[in-house]
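Residue strings, one per chain:
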Amino acid sequence: MKAIICKKYGPPENLEIVEYKNPIPNDDEVLIKIYAASVTDSDIFIRSSKVPFKLLIPFRFMIGILKPRNGIIGEVFSGVIEKIGTRIKRFKVGDQVYGLTGMSLGAYADYKCMKEIDSKKGCIAIKPGNITFEDATSAAYGGLLAFQFLEKGNIQPKQKVLIYGASGTSGTIAVQYAKYLGAEVTAVCSEKNIQFVKSLGADKILDYTKADSISKLEVYDLVLDSVGKRKTSQLKEACKLSIKDKSKFVSIDNEALVCSSDRLNKIKQLVEANKISPITDRCYPFEQIINAHRYVEQGHKKGNVAITVNT
Ligand SMILES: NC(=O)c1ccc[n+]([C@@H]2O[C@H](COP(=O)([O-])OP(=O)(O)OC[C@H]3O[C@@H](n4cnc5c(N)ncnc54)[C@H](OP(=O)(O)O)[C@@H]3O)[C@@H](O)[C@H]2O)c1
């Protein structure tokens, strides 16, 4: 099968398309033919190994000393079940699925074996039937991040919720999910994304690049930082003071992303009910993985970026 490996930590050019032996599922595994994979911030992080110095040793210990030890990288997939092991109960051949590969990585390839039970090595669920494989990777990645961290806020109807970084993969879904839960949503983005973020349902918009946005802040029941701790602004710092309860400033980096098929099922229901629409900024052919990494690394994608692995 074709697969993308990271030869050694470094720039996008260190990614290489190689021939790899096809995986064979164990009794408790399914074999997925991958149709699309996301190119996420986590993939960039793993490829480049650009981590703060104090995290470098734990990172290399966990992922690999000179290169990712799993060879094939990629954490988010969507595809079709091609074979099942004898102990598989939840899936059958032909099911269209989506999910995360977690710590086992390996989504940038034609095939991936996965267990049907959630663990740090991933989660898998039936994909929403009304969207493409590429959009499904956006729903899996952005949806799992947004749902996990918005659940911390226990949002009630009419509460004021601010989504900081509303134009990213998780931010676009967080705006829609908070609206679905009945919140009054203030979304933060830059000027070029204002109309786009309004179209997701945001009630109010603040521009993180404009100094006068700080004076427009209200007092919120929940603030979700959906771009993570490495991206900040004066407005974000001010948001930390504009909440009723300090514990309700939630960063998407506060804890590890949980691989949850229950959440994937919930996301599927809301996508199929047209309450949430995953956003795909760009799709690159598999062969253009280097360009896809270059684009995502710039940090300005609008929603998600996917690679098409098979058609
Ligand atoms: N907890 C975990 O295990 C886990 C796992 C995966 C990811 N994460 C975190 O999740 C973060 C978000 O990932 P994502 O893919 O959803 O987002 P993203 O797509 O990387 O966010 C991109 C968006 O961020 C906006 N942006 C850039 N700098 C900004 C700033 N200083 N203030 C406000 N917005 C800014 C950009 O808009 P402009 O073009 O207008 O700048 C762009 O639309 C990652 O960076 C990572 O920190 C956590």
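Residues numbered from 1 in each chain as written. Predicted model: local features only at pLDDT ≥ 70, side-chain atom pairs only at ≥ 80, totals over all residues. Heavy atoms only, no water.

1. Overview of the sheet that holds strand E10 (residues 204–207)
Where we set the bar: Between any two strands, at least two bridges found by DSSP are needed for them to pair. Think of it this way: any DSSP run of H or I at least four residues long counts as a helix, any run of E at least two long counts as a strand, and we number them from the N terminus. Each axis is a line fitted through C-alpha atoms, and for a helix only the stretch in contact is used; angles between axes span 0 to 180 degrees, taken between their N-to-C directions.
Reading across from one edge, E10-E9-E8-E11-E12 is the order of the five strands in this open sheet, with parallel pairing throughout. A single partner strand is all that each edge strand has here, and the edge strands are E10 and strand E12 (249–251). Strand after strand, the sheet turns through a mean of 20° between neighbouring axes, direction not considered.

2. Focus on the state of the cysteines
Let me state the cut-off plainly: Counting rule for disulfides: a pair of cysteine sulfur atoms within 2.5 Å. Burial here depends on accessible area, computed with a 1.4 Å probe over protein chains only, as a share of the maximum for the residue type. Under 20% is buried, over 50% is exposed, and the range in between is partly exposed.
If you walk through the whole model with that rule in mind, you get zero disulfides. Its sulfur unpaired, Cys239 is 12 Å from the next cysteine sulfur, which belongs to Cys189. According to the relative accessible area criterion, Cys239 is buried, its value standing at 1%.

3. A few points about helix H1 (residues 41–48)
Which entries qualify depends on this criterion: Contact criterion: two residues are considered in contact whenever any of their non-hydrogen atoms come within 4.5 Å of each other. Throughout this description, a polar contact denotes any pair of N or O atoms lying within 3.5 Å of each other; where both atoms belong to protein, one of them has to be capable of donating a hydrogen while the other can accept it, and for residues adjacent in sequence the pair is counted only when both atoms sit in side chains.
For H1, the full list of buried residues reads Asp43, Ile44, Ile46, Arg47 and Ser48. On its buried face, H1 is in contact with strand E1 (2–6), strand E2 (15–19), strand E3 (29–38), helix H2 (53–63) and helix H8 (289–297). Of the residues that open H1, the one with a side-chain oxygen 3.2 Å from the backbone nitrogen of Ser42 is Thr40. Where H1 terminates, the next one or two residues include Ser49, which has phi positive at roughly 55°.

4. Re the packing of aromatic side chains
As a reminder of what qualifies: Aromatic pairs are defined between Phe, Tyr and Trp rings, using the six-membered ring for Trp, whenever the two ring centres lie within 6.5 Å; interplanar angles under 30 degrees are classed as stacked, those over 60 as edge-to-face, and all others as tilted.
Under the counting rule described, the total for this entry stands at six aromatic pairs. Judged by centre distance (6.3 Å) and plane angle (10°), the ring pair of Tyr177 and Tyr180 falls under stacked. With Tyr177 and Tyr180 both in helix H4 (residues 169–180) and three residues apart, this pair spans about one turn of that helix. Tyr177 gets classed as buried once you look at its relative accessible area, which sits at 4%.

5. Description of the site of the ligand
Rules: If a single non-hydrogen atom of a residue is within 4 Å of a molecule or strand, that residue counts as near it. Accessibility throughout is a Shrake-Rupley quantity obtained with a 1.4 Å probe, and a residue counts as covered only by protein chains that appear here. Throughout, the ten residues Ala, Val, Leu, Ile, Met, Phe, Trp, Tyr, Cys and Pro are labelled nonpolar, Asp, Glu, Lys and Arg are labelled charged, and all others, Gly among them, are labelled polar.
Within the structure, the ligand sits among 29 residues, and Tyr164, Ser190, Lys192, Tyr208 and Lys301 are positioned closest to it. One nitrogen or oxygen atom from the side chain of Ser167 is found 2.7 Å from an oxygen atom belonging to the ligand. At a separation of 2.8 Å, an oxygen atom of the ligand approaches a polar backbone atom of Leu257. Notes on the ligand: free accessible area 930 Å², of which the protein chains cover 92%. Those elements that provide at least two residues to the shell around the ligand are H1, helix H3 (133–151) and H4. By residue class, the composition of the shell around the ligand is eight nonpolar, 14 polar and seven charged.

6. Examining the nonpolar core
Stated formally: Buried Ala, Val, Leu, Ile, Met, Phe, Trp, Tyr and Cys residues that are joined via side-chain atoms within 4.5 Å together make up what is termed a nonpolar core.
If you look at the biggest cluster of nonpolar residues, it comprises 44 residues, and the most contacted ones within it are Tyr98, Phe147, Leu150, Ile163 and Val175. No other element matches H3, which puts 10 residues into this core. Judged by nonpolar contacts, the second largest core, of 43 residues, contains Ala3, Ala37, Ile81 and Val97.

7. Comments concerning unusual backbone geometry
In this structure, Ser49 takes a positive phi of about 55° despite not being glycine. With respect to the helices and strands, Ser49 occurs in the loop between H1 and H2. In the Ramachandran plot, Asn274 falls in the positive-phi region, its phi being about 60° despite a non-glycine side chain. Mapped onto the elements, Asn274 comes out in the loop between helix H7 (261–272) and strand E13 (280–285). Using a relative accessible area of 60% as the deciding quantity, one classes Asn274 as exposed.

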